[in-house]
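# Coordinate inspection notes
The primary structure of each chain is shown beneath.
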Amino acid sequence: MTPCILQETSRGTQALCIDDAMLMKREIFLTGDVTAATSASLIKQLMYLEQADPNSPVTLYISSPGGSVSDGMAVYDYIRLMQAPVNTVCIGIAASMASILFMAGKERSMLPHARVMIHDPSYGGGSMAGQKPLELQDRVNELMSLRKMLADVIVERTGMPRKRVLALTKKDTYFSADRAVKEGIATKILRKPRTAEFIIDDDDIILNE
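Definitions and limits used
- Residues numbered from 1 in each chain as written.
- Predicted model: local features only at pLDDT ≥ 70, side-chain atom pairs only at ≥ 80, totals over all residues.
- Heavy atoms only, no water.
- Buried < 20%, exposed > 50% of the residue type's maximum accessible area, 1.4 Å probe, protein only.
- Helix = DSSP H or I, 4+ residues; strand = E, 2+ residues; numbered from the N terminus.
- Pairing = 2+ DSSP bridges.
- Right-handed = clockwise from strand over helix to strand, strands pointing away.
- Expected span 1.5 Å × (residues − 1).
- Arc of directions from axis to C-beta.
- Contact = heavy atoms within 4.5 Å.
- Phe/Tyr/Trp six-rings, centres within 6.5 Å; stacked < 30°, edge-to-face > 60°.

## What to know about the pairing of strand β4 (residues 58-64)
- Counting buried positions along β4 gives 6 out of 7 residues, so the element sits mostly inside the fold.
- Note: strand β3 (residues 27-30) against β4, 4 bridges, orientation parallel. Paired with L30 across the strands is I62, a residue of β4.
- At this point the chain moves from β3, through helix α2 (residues 36-52), to the parallel β4, and the crossover so formed is right-handed.
- Pairing analysis gives 6 bridges linking β4 to strand β5 (residues 86-95), with the strands arranged parallel. Paired with I62 across the bridge in β5 is C90.
- In the classification by handedness, the crossover that spans β4, the intervening helix α3 (residues 69-81) and the parallel β5 is right-handed.

Take a look at the structure:
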């Protein structure tokens, strides 16, 4: 059940879905699998925010295990075409296709304990039993084509050499927030600002930062 908040309006107190309240602040979420439904929802929200104000930034929060490459790339391509800058924030894990969506952001932030995972695409079309050799080869060729496409995205967005990207995606490769920044996957880590502390020592005031 989606939580609601109470808001005072000219019509009195009204319940407002928290997702709608966040949308009004130009903040949207991917918290689940990348599917046709979640991708369509994201694109609709992005379209609305682009039309409402093409110059103000949008923040996309991501905590997702990934999912469909084709559906995810539709979101990725739309983000990259938008005039309004889209900033992404990894709040848990951005894995597989979700890592590609995370890399679509202009600014790509991570919480301190968030992680990103990249790997090669896998076949998710069900059983291959009964298929002929050339049919199997066609599926392998399609996977290799997807592998090249996703590697191109990672190379472009991170600046990593292609050879290194392909070596990393041969298996599930996880990146901590610190490592993701070093590799160019993320641009910064969100941390709580340090506050100054005043310590009174006799007649002196010592400022500790």
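## A word on α3
- Between the first and last C-alpha of α3 there are 18 Å, a value that for 13 residues agrees with the 18 Å anticipated at 1.5 Å per step.
- V69, G72, M73, V75, Y76 and I79 are the residues of α3 that are buried. On an axial view of α3, the arc spanned by its buried residues comes to 160 degrees, and they lie on one face. Facing away from the buried surface of α3 by more than 90 degrees, the exposed residues are S70 and L81.
- Packing partners of the buried residues in α3 comprise α2, β4, β5, α4 (97-103) and α5 (133-158).

## What about the packing of aromatic side chains?
- Overall, the coordinates contain 1 aromatic pair when judged by the stated rule.
- Taking the centre distance of 5.1 Å and the plane angle of 20 degrees together, the rings of F29 and Y61 count as stacked. With F29 in strand β3 and Y61 in strand β4, the pair connects residues that are 32 residues apart, well separated along the chain.

## Quick word on α2
- End to end, α2 covers 24 Å across 17 residues, agreeing with the expected 24 Å (1.5 Å per residue, within 8%).
- Of the residues making up α2, those classed as buried are S39, L42, I43, L46, L49 and E50. Along the axis of α2, the buried residues cluster in a sector spanning 130 degrees; they form a single face. Opposite its buried face, α2 presents the exposed residues A37, K44, Y48, Q51 and A52, each directed more than 90 degrees away.
- Contact partners of the buried residues in α2: α1 (18-24), β3, β4, α3 and β5.

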